[in-house]
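Listed here are the chains, written in short residue letters.
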Amino acid sequence: MKRILSLTAIITLTAAIVGCSSGVKLNDVPVENRASTTTGQSGKGDASGVTGRDVAPVQIGATDPSLAGPSGAARVIYFDYDSFVIKPEAQGTVEAHARFLSANKNRKLVIEGSTDERGGREYNLALGQKRAEAVRRALGLLGAADAQIEAVSFGEEKPTTTGTDEDAYAKNRRAEFNYR
């Protein structure tokens, strides 16, 4: 009876492995050009992919001062090691951003939570998300609409400072306010 169960398990495992395999090599996947214009005699569009539609230029420097958020308010708040509790000294910053969002209902804010490099990748992504969510909840409690705010985590992926001392770690444990 044990032999039959072992044989059945081996057959099932083999079938699962074969069923999950793919004959497509990742390097050999064809890329389709979906450009809608035709140029030259080939009839396949130009190589740059430009379709002839009007494209608005990207503005690098903001001309509207309200795009930066509240004037005079910090755009970054810092956290203690392994914590997502907003420090009392950051309360004024959170209040300024909440007032700005309440007065500008059409504005959107992305809060980017980050960590230092200590800890595993998944742990740091979760901690960065908790930091961003803590700030989002605080803004909501102070009058900002939930639909205006998005909380995302970058974990340890976007350090502002490189280094392995406490000063560098402290600068990377943060939440950043980015208006869209």
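Note that the coordinates shown come from a computational prediction; the quantities given were computed from them, not determined experimentally.

Participant: Would you explain the pairing of strand E4 (residues 174–179) in this entry?
Facilitator: Side chains on a regular strand alternate between the two faces of the sheet. The buried fraction of E4 amounts to six of the six residues, a majority that puts the element mostly inside the structure. Of the two faces of E4, the one carrying Arg174, Glu176 and Asn178 and the one carrying Ala175, Phe177 and Tyr179 are both buried. Both strand E1 (residues 76–78) and E4 contribute to a ladder of three bridges, which runs antiparallel. Bridge pairing in E4 places Ile77 opposite Ala175. In this sheet, E4 lies alongside strand E2 (residues 109–114) in antiparallel orientation, the contact comprising six bridges.

Participant: Whenever I open this one, the confidence of the model for the chain confuses me. Can you help?
Facilitator: Detailed reading of the predicted coordinates is not advisable wherever pLDDT is low. Mean pLDDT over the chain works out to 79, with 66% of the residues at or above the 70 mark. Contacts from residues 36–51, a stretch scored under 50 in pLDDT, to residues over four places away or in other chains number 16 contacts.

Cut-offs and rules
Residues numbered from 1 in each chain as written. Predicted model: local features only at pLDDT ≥ 70, side-chain atom pairs only at ≥ 80, totals over all residues. Heavy atoms only, no water. Buried < 20%, exposed > 50% of the residue type's maximum accessible area, 1.4 Å probe, protein only. Helix = DSSP H or I, 4+ residues; strand = E, 2+ residues; numbered from the N terminus. Pairing = 2+ DSSP bridges. pLDDT = per-residue confidence, 0-100. Contact = heavy atoms within 4.5 Å.

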